[in-house]
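Spelled out, the chains give:
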Amino acid sequence: MAAFQPSLECDNISNIHSEQTDSDLIQKTDERYRETLPNLPKGKGWITKHLVQYQGFWLTPNAALKNLMWVQDHFKPRPTDIFLASFPKSGTTWLKALIFATVNRTRYGFADHPLLTTGPHDCFPFLDAHLQEKDRSRFDLDRFPSPRLLSIHIPYILLPNSMTDHQSCRFVYISRDPKDVLVSKWLFLNKLRPKDLPPISLEEAFELFCQGISHYGPFWDHVLGYWEASLETPEKILFLKYEDLKKEPLVVVKRLGDFLGYPFSLEEESKGVVEEIVKLCSFENLSTLEVNKVSEQKFSKDTIIDNRHFFRKGKVGDWKSYLTTEMVERLDEITYEKLLGSGLVFGS
Ligand code: A3P
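Remember, predicted model here, so these are calculated numbers, not experimental data.

Asker: Just to check I follow, could you spell out the sheet that holds strand β2 (residues 50–54) for this structure?
Answerer: Strands in a sheet are paired, the pairing made by backbone hydrogen bonds, and the direction either parallel or antiparallel. Spatially, the three strands line up as an open sheet ordered β1-β2-β3, and their pairing is antiparallel. The open sheet has two free edges, formed respectively by β1 (42–44) and β3 (57–59), since each of these has just one partner strand. Looking at each pair of strands side by side, their axes are set apart by 40° on average, direction ignored. Here three bridges tie β1 to β2, and the two strands are oriented antiparallel to one another. Bridge pairing links K44 to H50 in β2.

Asker: It is not clear to me how the site of the ligand should be interpreted in this structure. Could you clarify?
Answerer: The ligand sits among 17 residues. The nearest are T92, T93, S184, Y242 and G314. One of the side-chain nitrogen or oxygen atoms of R176 is found 2.9 Å away from an oxygen atom of the ligand. G314 places a main-chain nitrogen or oxygen 2.7 Å from an oxygen atom of the ligand. Out of a free accessible area of 570 Å², the ligand has 98% covered by protein chains. Broken down by element, the shell around the ligand gets its largest block of residues, three residues, from helix α3 (residues 92–103). Grouping the constituent residues of the shell around the ligand by class yields six nonpolar, seven polar and four charged.

Asker: Just to check I follow, could you spell out the side chain of N307 for this structure?
Answerer: Within the secondary structure layout, N307 lies in the loop between β9 (304–306) and α16 (325–339). You can call N307 buried: its relative accessible area is 3%. Separated by 3.3 Å, the side chain of N307 and the backbone oxygen of V291 make a polar contact.

Asker: It is not clear to me how helix α8 (residues 202–210) should be interpreted in this structure. Could you clarify?
Answerer: Owing to its 3.6 residues per turn, the α-helix aligns residues three or four sequence positions apart on the same side. Inspection of α8 places L202, A205, F206, L208, F209 and C210 among the buried residues, and these make up the whole buried set. Looking at the buried positions of α8, the neighbouring elements they touch are β1, α7 (178–192), α9 (219–232) and α16.

The rules behind the values
Residues numbered from 1 in each chain as written. Predicted model: local features only at pLDDT ≥ 70, side-chain atom pairs only at ≥ 80, totals over all residues. Heavy atoms only, no water. Pairing = 2+ DSSP bridges. Helix = DSSP H or I, 4+ residues; strand = E, 2+ residues; numbered from the N terminus. Axes fitted to C-alpha atoms, helices over the stretch in contact; angles between N-to-C directions. Near = heavy atom within 4 Å. Polar contact = N/O pair within 3.5 Å; in protein donor to acceptor, adjacent residues only side chain to side chain. Areas by Shrake-Rupley, 256 points an atom, 1.4 Å probe, with all protein chains shown as cover. Nonpolar A, V, L, I, M, F, W, Y, C, P; charged D, E, K, R; others polar. Buried < 20%, exposed > 50% of the residue type's maximum accessible area, 1.4 Å probe, protein only. Contact = heavy atoms within 4.5 Å.

This is the structure in structure tokens:
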């Protein structure tokens, strides 16, 4: 399915290098990838045979590493770009819907809103997973209207300078208690695991997670990268927690509007626009829509996921139903030690 585009107008700015130089650049990235891959440390994969460690982070060799190199070598941000960054299973789907609805709220009515018929991942695509599409018309960044909404799992320190140094593009980072992330990730990835591989036990997933060996892990390094960057440049990076969003969605969505340069007017507030957005993007609403129950989502040439897998329970603290006391103690201890002195805490 091609990425949903809010309107036909687009900025006439080229974001990928021109066609003339494109193939040379593609070749260079391919060479860099082929030279780098064999030398990387390997760890056990959750859905692929193994993950590889690249500059401190664990990535799938065929998709994530290749896509990262594409972003590093080819992507040119626009000043108006809005990036949603996250560690997988932290609430990306929810934030995609909330940001899309906030930024486009004057374009669409709530009764026939695109999110009612188009999944959040199509309204707000992943930048890195689609860059390799051979058929550019399926995902033509050049034709995306501004502001482009692009999602990434790439750790902050691996982003190209063009993205981190850019004065005006914005990042929203959604974080979540690692215990809920682990459980959500384990259940999600077991659904995607090829049938010829035995399922990963929770004990094994727990061990790997604690060692940092999981997609885009270690979890703590990922979160801290964006946390520290958000302290340094709060005008550029908004750091959010899933738990805060659950507790006070109206407050957080208003903050989101202010941060992104789309503040809610008093009139909008009095008309209940913020409430409408929260309701539209709620787990209860999105998870029951036909589009999120039946359609598939193509993330890369090899990864197709049923939309329904992105909606499980949407609760805070579901880890209590899965993790043993020993697991909780160990994970909390690691989190405490890793985040010590950073000022960042997650609920116990
Ligand atoms: P659970 O598995 O704990 O239910 P991601 O979008 O980063 O892959 O994260 C998926 C997690 O977010 C899942 O958590 C999913 O149920 C939850 N989620 C998806 N949509 C949501 C929504 N609208 N509100 C709250 N949580 C949501």
